[in-house]
Amino acid sequence: MTATLTAPKTSLSGLVTALVRGTRRTDHCADLIAELATARLAPACFVPGIEHQAAAAIVRTGLPTVEHQRRPLQRRIDEHLFLDISVRTGVRVLACWDDRAHRVRMHVAEVGEPGLWDRIVVHFTLWEMAGRPVPATDGPTGSAS
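Residues numbered from 1 in each chain as written. Predicted model: local features only at pLDDT ≥ 70, side-chain atom pairs only at ≥ 80, totals over all residues. Heavy atoms only, no water.

Participant: I'd love a proper account of the pairing of strand 2 (residues 67–74), names of residues and values included.
Facilitator: Note that strand 2 and strand 3 (residues 77–84) share seven bridges and pair antiparallel. The residue bridging Gln 69 from the neighbouring strand is Leu 81, located in strand 3. Hairpin remark: strand 2 followed by strand 3, antiparallel, with two residues in the connecting loop. (Pairing = 2+ DSSP bridges. Helix = DSSP H or I, 4+ residues; strand = E, 2+ residues; numbered from the N terminus.)

Participant: Before we move on, could you go through the sheet that holds strand 2 and cite the residues and values that matter?
Facilitator: In spatial order, the strands read 1-5-4-3-2; together these five strands make up an open sheet with antiparallel pairing. Because the sheet does not close on itself, it has two edges, and the strands there are strand 1 (42–44) and strand 2. If you compare each strand with its neighbour and ignore which way they point, the axes differ by 25° on average. The pairing of strand 4 (residues 89–98) with strand 5 (residues 103–111) spans nine bridges and is classified as antiparallel. Bridging across to strand 5, Asp 98 finds its partner in Arg 103. Relative to the sheet, helix 3 (residues 116–129) contacts strand 1, strand 3, strand 4 and strand 5, its axis offset from that of strand 4 by approximately 55°. (Axes fitted to C-alpha atoms, helices over the stretch in contact; angles between N-to-C directions. Contact = heavy atoms within 4.5 Å.)

Participant: Any details on the nonpolar core? Residues and values, ideally.
Facilitator: Formed by 19 residues in total, the largest nonpolar core has its most connected members in Ile 50, Phe 82, Val 91, Trp 117, Ile 120 and Phe 124. Listing elements by their share of this core, those giving two or more residues are helix 2 (55–62), strand 4, strand 5 and helix 3. Top contributing element to this core by residue count: helix 3, with six residues. Apart from the residues within four sequence positions on either side, Ile 50 is in contact with Ala 55, His 68, His 80, Phe 82, Met 106, Trp 117, Ile 120 and Phe 124. Counting nine residues, the second largest nonpolar core, distinct from the first, contains Leu 32, Ala 39, Leu 81 and Ala 109. (Core = buried A, V, L, I, M, F, W, Y, C linked by side-chain atoms within 4.5 Å. Buried < 20%, exposed > 50% of the residue type's maximum accessible area, 1.4 Å probe, protein only.)

Written as structure tokens, this is what we have:
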């Protein structure tokens, strides 16, 4: 089956450029996640708020270029990824429930430019001090409005 495109040449080149950028972003994201998966984890302070259901929206309010991903690894272990694709920097946080201490313990790995973990800690500390305000979301995905 053949389709004839009737769009102007400039529109088509814009579409091709957008597709290439999207593909490159996906590749950079996958590379960054792979690098984080092999980076050495170190014990870290507990940061309240990272475990919040609206963590992605909370992060976007103060760190707009950083995206947050969360996934459960086991019943009591969650993995949080904070990715700043534009500067190829990422932080991986493992939040593990400790039965003996009755609290969450965190372990962190950071790749790329140092300082993202510090910015995350500061952001969530300020969020906590402000009374834990939850940004408005526009649906089940938790994207900020």
